[in-house]
Amino acid sequence: MGLTLLATTHRVAPGLLTWRAWDALRSADAVRLRAGHPLLPSLRDAGIAPEVVEEPDPARLVADARRGDVLWVAAPEGDEALMREVGTLAVADPLDVEVLHGSYDLPGARLLDLVSVMDTLRRECPWDRKQTHATLVPYLLEEAYEVLDTIESGDLGALREELGDVLMQVAFHSAVAAERDDDTAFTIDDVAGAIVDKLVRRHPHVFGDVTVSGADEVNANWEQIKAAERAEKSGAEASALDGVPLGQPALSLAAQLQRRAARMDAPADLADDLAGDPAGDGGALGERLFALVREAAASGVDPEAELRAVSRVFRDRVRAWERREQQG
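These numbers were taken from a predicted model, which means no experiment stands behind them.

1. Some points on the packing of helix α12 (residues 250-263) against helix α14 (residues 303-327)
- Where α12 meets α14, the closest approach of the two axes is 8 Å, and the angle between their N-to-C directions is 155 degrees. The pairing of α12 with α14 is recorded here as roughly antiparallel in orientation. Across the interface between the two elements, Leu 251, Ser 252 and Ala 255 from α12 touch Pro 303, Glu 304 and Leu 307 from α14.
- In terms of residue class, the contact of α12 with α14 is made up of four nonpolar, one polar and one charged.

Here is the structure:
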């Protein structure tokens, strides 16, 4: 005799329970759960006839469990209040109470909650409902820069929250895209599926039969695979510079273009006298900045990060000067 509280997760399909959970369900003298519980059809399919109640009565559960084995199937979101009341009654008059977990979250299961929350916000929040891909762009950029700032400042404790903000933007864009009824529509599953396919395709040394000697060979294979992808997508017009976003900050843009060119073994003199190119609109200052980016690459440093570091020092000095002025 005793009471078993069966806990399940709503992030796993109903009916996918452990063997121990099914054994407890079949051997119990009475199985009870709320009306509309997602596990109800699976129980009936398995030949189990549970008692369906609108709301559980803790006193009745405890009293019946003193006369036989009673199993209560907790709501997917949990039955914390009920469990507290049962615990109080069981302590006052001792009763065997077991909490049995019938299913467990898999890694990544909370992503399902994010998808559900975003779908709800898209339907029910006036602000979220009116957003488009274009209106969300500033927030995506802002959140990405906050991640960068968190990493550079060494505040790794805050990184989880900042990455969550970026992940929310991905889910938001996917929710917007899923509402379209043409061939541009996609879901967050399509987004995840596409990046999984790309990662598997670009790592044949992990998911295939390719053998590599080290990281340098991995990079070489990666570039070959990307070149083949560009050729398949753009044909004869494909370029190693395809996909370089021109809207990124100018220093990082120059660095990325130079890295791509270096991987192709492009002649170094292509970067000479850029200001004098009749087809260009750059000036002597721009050419000097471009040359500094080349100098940074030769030194193995990121010019964007270097300039941000110096900018932070300058910011701190200005703030210190402001404080002195206010005090003096």
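2. Here we look at the nonpolar core
- One finds Leu 6, Leu 25, Val 31, Leu 43, Leu 71 and Val 73 to be the most contacted residues of the largest nonpolar core, which totals 16 residues.
- Where this core is concerned, the elements lending two or more residues are α1 (19-27), β2 (30-34), α2 (40-45) and β4 (69-73).
- It is α1 that provides the largest number of residues to this core, a total of four residues.
- Excluding anything up to four places from it in sequence, Val 31 contacts Leu 25, Ile 48, Pro 50, Glu 51, Leu 71 and Val 73.
- Core analysis: the next-biggest nonpolar cluster, separate from the first, contains 13 residues, Val 53, Leu 61, Ala 65 and Leu 95 among them.

3. As for the sheet that holds strand β3 (residues 51-53)
- Read from one edge to the other, the open sheet built from five strands follows the order β3-β2-β4-β1-β5, with strand pairing classed as parallel. Looking along the sheet, the strands with just one partner apiece sit at the ends: β3 and β5 (97-101). Taking each pair of neighbouring strands and ignoring which way they run, the sheet shows an average axis angle of 25 degrees.
- Sheet contacts for α1: β1 (2-7), β2, β4 and β5; angle to β5, the most-contacted strand, approximately 135 degrees.
- Helix α3 (residues 58-65) rests against β1, β2, β3 and β4 of the sheet, and its axis sits at about 145 degrees to β4.

4. What about the pairing of β2?
- Most of β2 sits out of view: four of its five residues are buried.
- Bridge count between β2 and β4: three bridges; the pairing is parallel. Paired with Ala 30 across the two strands is Val 70, which belongs to β4.
- Pairing of β2 with β3, which is carried by three bridges, proceeds in the parallel orientation.

5. A short note on the pairing of β4
- Here β4 lies mainly inside the structure; four of its five residues are buried.
- Judged from the five bridges that link them, β1 and β4 form a sheet pairing that is parallel. Its bridge partner lying in β4, Thr 4 is registered against Leu 71.

Criteria and cut-off values
- Residues numbered from 1 in each chain as written.
- Predicted model: local features only at pLDDT ≥ 70, side-chain atom pairs only at ≥ 80, totals over all residues.
- Heavy atoms only, no water.
- Axes fitted to C-alpha atoms, helices over the stretch in contact; angles between N-to-C directions.
- Helix = DSSP H or I, 4+ residues; strand = E, 2+ residues; numbered from the N terminus.
- Parallel < 35°, antiparallel > 145°, perpendicular 65-115°, else oblique.
- Contact = heavy atoms within 4.5 Å.
- Nonpolar A, V, L, I, M, F, W, Y, C, P; charged D, E, K, R; others polar.
- Core = buried A, V, L, I, M, F, W, Y, C linked by side-chain atoms within 4.5 Å.
- Buried < 20%, exposed > 50% of the residue type's maximum accessible area, 1.4 Å probe, protein only.
- Pairing = 2+ DSSP bridges.

Note that every value here comes from positions in space, so none of it alone points to a role or purpose.
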